[in-house]
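In case you want the letters, here they are:
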Amino acid sequence: MNSTVSLYFDSHKLTDNVRRIKALCRQQGVALAAVVKAGCGWADIARAALDGDCDMLADSRLDNLERLAHAGIRVPTMLLRMPAPSQADAVVCLCDISLNSEYDAIRALHEAARRLGRKHRVLLMVELGDRREGIAAQQLPQLIERIKALPMIEVAGIGTNLGCLGGIRTTPEKLTELVELARASERQLGYPLQYVSGGNSGTLPLLLEGRLPAGINHIRVGFSMLLGRNPFTDEPLPGLHTDVFELEAELIEVQTKPSLPDGEIVLDAFGHVPVFEDLGEQVRGILSLGRLDTDLTTLKAVDPGVSIIGASSDHLVLDLTRIRNACAVGDKVHFAPGYGALVQAMLSPYVRKQPDLSADWRREREGLLRGHALNTHEFFDRR
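Attention in this report is confined to the structure presented alongside it. (Residues numbered from 1 in each chain as written. Predicted model: local features only at pLDDT ≥ 70, side-chain atom pairs only at ≥ 80, totals over all residues. Heavy atoms only, no water.)

## Focus: the pattern of salt bridges
So the rule is basically this: What makes a salt bridge here is a side-chain nitrogen of Lys or Arg within 4 Å of a carboxyl oxygen of Asp or Glu, nothing more. Note on conventions: DSSP H or I runs of at least 4 residues are helices, E runs of at least 2 residues are strands, and numbering of each starts at the N terminus. For every residue, the accessible area obtained with a 1.4 Å probe (protein chains only) is divided by the maximum for its type, and the residue is called buried under 20%, exposed over 50%, and partly exposed between those limits.
Enumeration over the complete set of coordinates arrives at 16 salt bridges. The salt bridge partner of R115 is D89, with a shortest N-O separation of 2.6 Å. Placement of R115 in helix 5 (residues 103-116) and of D89 in helix 4 (residues 88-94) is noted, with a sequence separation of 26 residues between them. With a relative accessible area of 33%, D89 lands in the partly exposed category. A salt bridge links E145 to K148, with the shortest nitrogen-to-oxygen separation between them at 3.5 Å. E145 sits in the partly exposed class, given a relative accessible area of 44%. Judged by relative accessible area, K148 falls into the partly exposed class, the value being 43%.

## A word on the side chain of E127
Rules: Here a polar contact is recorded for every N or O atom pair within 3.5 Å, except that within protein the pair must consist of a potential hydrogen donor and a potential acceptor, and residues adjacent in sequence are included only if both atoms are side-chain atoms. The contact definition used throughout considers only heavy atoms, calling two residues in contact when any of these lie within 4.5 Å.
Mapped onto the secondary structure, E127 falls in strand 6 (residues 120-127). Within the structure, E127 has its side chain in polar contact with the backbone nitrogen of G129 (distance 2.4 Å). Sequence-distant contacts of E127, that is, excluding residues within four places in its chain, are made with R132, E133, G134, I135 and A136.

## Considerations on the nonpolar core
The criterion, for reference: The set of buried Ala, Val, Leu, Ile, Met, Phe, Trp, Tyr and Cys residues whose side-chain atoms join them within 4.5 Å is what this entry labels a nonpolar core.
Core analysis: the largest hydrophobic core is formed by 98 residues, its most contacted members being L124 and M225. Those residues within four positions of M225 in sequence are excluded, and the remaining contacts are L14, N17, V18, I21, A34, V35, V36 and A49. Core analysis: the next-biggest nonpolar cluster, separate from the first, contains 13 residues, V35, M56, I97 and M125 among them.

## Here's the deal with the packing of aromatic side chains
Cut-off, in case you're wondering: To pair, rings of Phe, Tyr and Trp, with the six-membered ring standing in for Trp, must have centres within 6.5 Å; the planes then decide the type, stacked if under 30 degrees apart, edge-to-face if over 60, and tilted in the middle. The rule for a charge over a ring is simple: NZ of Lys or CZ of Arg within 6 Å of the ring centre, and within 35 degrees of the ring normal.
Under the counting rule described, the total for this entry stands at 3 aromatic pairs. For the pair F9 and F245, a centre-to-centre distance of 5.3 Å together with 20° between the ring planes defines the contact as stacked. Of this pair, F9 sits in strand 1 (residues 5-9) while F245 is found in strand 11 (residues 245-258), placing the two residues 236 residues apart along the sequence. The exposure classification of F9 matches that of F245, with both residues buried. With a centroid separation of 5.7 Å and 35° between ring planes, the pair formed by F223 and Y339 is classed as tilted. In this pair, F223 is assigned in helix 9 (residues 223-227) and Y339 in helix 10 (residues 339-347), connecting sequence segments 116 residues apart. We classify Y339 as partly exposed; its relative accessible area is 22%. By the ring-pair criterion, three or more aromatic residues cluster together here, those being F9, W42 and F245. When the ring centre of Y103 is taken as reference, the NZ or CZ atom of R146 above it lies at 3.8 Å.

## Re the packing of helix 1 (residues 11-27) against helix 2 (residues 43-51)
Note the cut-off: Working convention: axes come from line fits to C-alpha atoms, limited for helices to the stretch in contact. Angles between N-to-C directions cover 0 to 180 degrees. With respect to orientation, any angle under 35 degrees is reported as roughly parallel, any angle over 145 as roughly antiparallel, any angle of 65 to 115 as roughly perpendicular, and every other angle as oblique. By definition, any crossing whose near helix is turned counterclockwise from its far helix by less than a right angle is left-handed, and any crossing with a clockwise turn is right-handed. Side-chain classes are defined by residue name, with Ala, Val, Leu, Ile, Met, Phe, Trp, Tyr, Cys and Pro counting as nonpolar, Asp, Glu, Lys and Arg as charged, and the others, Gly among them, as polar.
Contact pair helix 1 / helix 2: the axes reach a minimum separation of 7 Å and the direction vectors enclose 40°. For the element pair helix 1 / helix 2, the angle class is oblique. Crossing hand, helix 1 versus helix 2: right-handed. Along the contact surface, helix 1 presents S11, L14, T15, V18 and R19, while helix 2 presents I45, A48, A49 and D51. Its residues placed into classes, the contact of helix 1 with helix 2 shows 5 nonpolar, 2 polar and 2 charged.

## Examining helix 10
Note the threshold: Note that the arc is defined by the directions from the helix axis to the C-beta atoms.
Listing the buried residues of helix 10 in full gives A341, L342, A345 and M346. Buried residues of helix 10, seen end-on, are gathered within an arc of 130° and therefore sit on one face of the element.

## Details of the packing of helix 6 (residues 140-147) against helix 7 (residues 172-189)
Between helix 6 and helix 7, whose axes approach to 10 Å, the crossing angle comes to 30°. Regarding helix 6 and helix 7, the two cross each other, and that crossing is right-handed. Within the contact between the two elements, helix 6 uses L140, P141, I144 and E145 and helix 7 uses L181, S185, Q188 and L189. When the residues that make up the contact of helix 6 with helix 7 are grouped by side-chain class, the tally is 5 nonpolar, 2 polar and 1 charged.

## Thoughts on helix 1
To keep it simple, the criterion reads: Working rule for helices: expected span equals 1.5 Å times residues minus one.
Taking 1.5 Å per residue, 17 residues should reach 24 Å; helix 1 reaches 24 Å between its end C-alpha atoms and fits that length. Packed against the buried residues of helix 1 are strand 1, strand 2 (31-35), helix 2, helix 8 (204-209), strand 10 (218-221) and helix 9. Capping the start of helix 1 is the job of one residue whose side-chain oxygen sits 3.1 Å from the backbone nitrogen of H12: D10. G29 lies just past helix 1 and shows a positive phi near 70°.

Just geometry here; none of it tells us what the structure is for.
This is how it looks when you write it as structure tokens:
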């Protein structure tokens, strides 16, 4: 691959994050589903999560789960995105549990399960305010009554999702409502639910503060596991690594230019009218990294002296004025990706994916190569 952009992943730090979250969950009797959808089926990420002792893997895309299966990963799996009826056979084959709120999809899963000779387990999603997936609480009893007539379907639990669309905070009051619905559902079904799934990474602050309502025994964590941060505030969570991933790109131009464009400003390539502030002359650097590869709004340079000016499809423009004497064409610029930047970089075929090379290790290598004119093989021999 001829890319000058790499996404580095430290599996040891990810494993440690999962291990710490799992220990917190274990103290309060909560099962942990490690959400690996940001990995886009990268088996190294799934294995690192499993090494941290999570209880299951969760993903929103069947293609990713299929990649993990082909990589030889055989563990309990949960499909986070509600399946379409046309996907029923694949869901039953690839997933132990799927999240559902529509009877027609569940009926299709029942028919697929009967054809394949294996029961399928569903987690019924309830709408509690975020306005994404989930059935209204008052309609849940009717859905359960219809499911009781489907012998190849087992209701493994109920759950909710908060924060992802409406930005609604996960609170004890919301989760207490979910627990009450779970108890009523158990009475209607005639058997106990294995899981009362209390949301995503937004539930971790309640765990840390000891405010998780009794009865919540399952959470689905991806954001905080990967980034070590509170998804509602973006603040670091105690004890978690915030540098599991790092994006690195090579400078292909370093020039001093006026900060204001010269000429009539019209729509840019993405349909926006750009706005610039007159900051005088700037030392500007260009990377072969663009909007096709990452999300600018959640990308931050590791060096506080570097700031992002803007990007086109294939070029990222930086302000290097504050470090003008410390950079040159060919040097590497390092970024801490937020969730959006991470997912887009993972999806981009133009970004090289590199596991288990820590930032300190790579910078030591770069320093040796510059200072001693070593080639890569000589550096590895020294290690």
